[in-house]
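As a plain string of letters, each chain reads:
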Amino acid sequence: MRIIAGKYRGKKLNEFTLDSTKPTLDRVKESIFNLIQFDLVDAVILDLFSGTGALGIEALSRGAKKCVFVDNNELAINITNSNLQNIDRDSEVILSDYMDYLESCKQKFDIILLDPPYKTDYGIEAINTIITRDLLNDNGIIIFETTDEKTFELAYYGYKCKRKKYGTVAVYKIQKVNEND
């Protein structure tokens, strides 16, 4: 697994394998970053369910100002920390359950990357908490990667949602609409 674009393009990332984790395929990762490419520069990112940190590090490589990495697995946190070596961007790595983190979070983000285990409702629960706790800046974006079998209907005023399918993967781009637009 490597960083595919930006300042750290080609940097090899350490990986690990657990039944509950799966790496984002390069073609899906590239498609995700095509969806948000114009929103990355100087953005503050949350990589929730960060695993190896690959998505957040890709965002940093492409110009994000800061990334907060959150995962509840100590091995994942250790791998993320090792993958962040020689990355000279602001980052914070937190060992925490996703819901505990979201419920105690005091900052807002420009982009939140959600790549939860597919066979759970963690992503939908996280989206609901992010929206009800107002953790996105105006025009902020949630990228939610899940299986194409899982359907998701956004039922919140002030947000727009687009779905793209890549093989067996569905990616949702949920964007907070600026109140002044």
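## Focus: helix α2 (residues 54-61)
Most of α2 sits out of view: eight of its eight residues are buried. The set of residues buried in α2 consists of Ala54, Leu55, Gly56, Ile57, Glu58, Ala59, Leu60 and Ser61. Of the residues one or two after α2, Gly63 is the one with positive phi, at around 115 degrees.

## A short note on the nonpolar core
Ranked by internal contacts, the top residues of the largest apolar core, which has 28 residues, are Leu46, Leu48, Tyr101, Leu102 and Leu114. Secondary structure elements with two or more residues in this core: β1 (44-48), β2 (66-71), α4 (98-104), β4 (109-114), α5 (122-132), β5 (136-147) and β7 (169-176). Excluding anything up to four places from it in sequence, Leu114 contacts Leu48, Phe49, Gly123, Ala126, Ile127, Ile130, Ile142, Ile143, Phe144 and Glu145. Counting 27 residues, the second-largest nonpolar core is a separate cluster that includes Val28, Ile32, Ile36 and Leu60.

## Focus on the pairing of β7
The two faces of the sheet receive side chains in turn, since in a regular strand these alternate between them. β7 sits mainly inside the fold: eight of its eight residues count as buried. As paired strands, β5 and β7 are joined by seven bridges and run antiparallel to one another. Residue pairing for β7: Thr146 is matched across the bridge by Ala170. As paired elements, strand β6 (residues 159-166) and β7 share eight bridges and run antiparallel to each other. Within the sheet, the bridge partner assigned to Lys164 lies in β7 and is Val171. Turn length for the β6-β7 hairpin, with the two strands adjacent in sequence and antiparallel, is two residues, and the turn residue Gly167 shows positive phi of about 65 degrees.

## Comments concerning the pattern of salt bridges
Summed over all chains, the structure comprises eight salt bridges. In this structure, Lys176 engages Asp134 in a salt bridge whose closest nitrogen and oxygen atoms are separated by 2.5 Å. Here the residue Lys176 occupies a position in strand β7, and Asp134 occupies one in the loop between α5 and β5, the gap between them amounting to 42 residues. Using a relative accessible area of 7% as the deciding quantity, one classes Lys176 as buried. For Asp134, a relative accessible area of 30% translates into the label partly exposed. Bridged by salt links that share partners, the residues Lys108, Asp134, Asp138 and Lys176 form one connected network.

## What about the packing of aromatic side chains?
The full count for this structure, using the stated rule, is four aromatic pairs. Taking 5.1 Å as the distance between ring centres and 35 degrees as the angle between the ring planes, the aromatic pair formed by Tyr98 and Tyr122 counts as tilted. Of this pair, Tyr98 sits in helix α4 while Tyr122 sits in helix α5; the two residues are 24 residues apart in sequence, bridging distant segments of the chain. A ring pair is formed by Phe144 and Tyr172, whose centres lie 5.8 Å apart and whose planes are at 25 degrees; its orientation type is stacked. With Phe144 in strand β5 and Tyr172 in strand β7, this residue pair connects regions lying 28 residues apart in the sequence. By the ring-pair criterion, three or more aromatic residues cluster together here, those being Phe49, Tyr98 and Tyr122.

So, how was this worked out
- Residues numbered from 1 in each chain as written.
- Predicted model: local features only at pLDDT ≥ 70, side-chain atom pairs only at ≥ 80, totals over all residues.
- Heavy atoms only, no water.
- Buried < 20%, exposed > 50% of the residue type's maximum accessible area, 1.4 Å probe, protein only.
- Helix = DSSP H or I, 4+ residues; strand = E, 2+ residues; numbered from the N terminus.
- Core = buried A, V, L, I, M, F, W, Y, C linked by side-chain atoms within 4.5 Å.
- Contact = heavy atoms within 4.5 Å.
- Pairing = 2+ DSSP bridges.
- Salt bridge = Lys/Arg side-chain N within 4 Å of Asp/Glu carboxyl O.
- Phe/Tyr/Trp six-rings, centres within 6.5 Å; stacked < 30°, edge-to-face > 60°.

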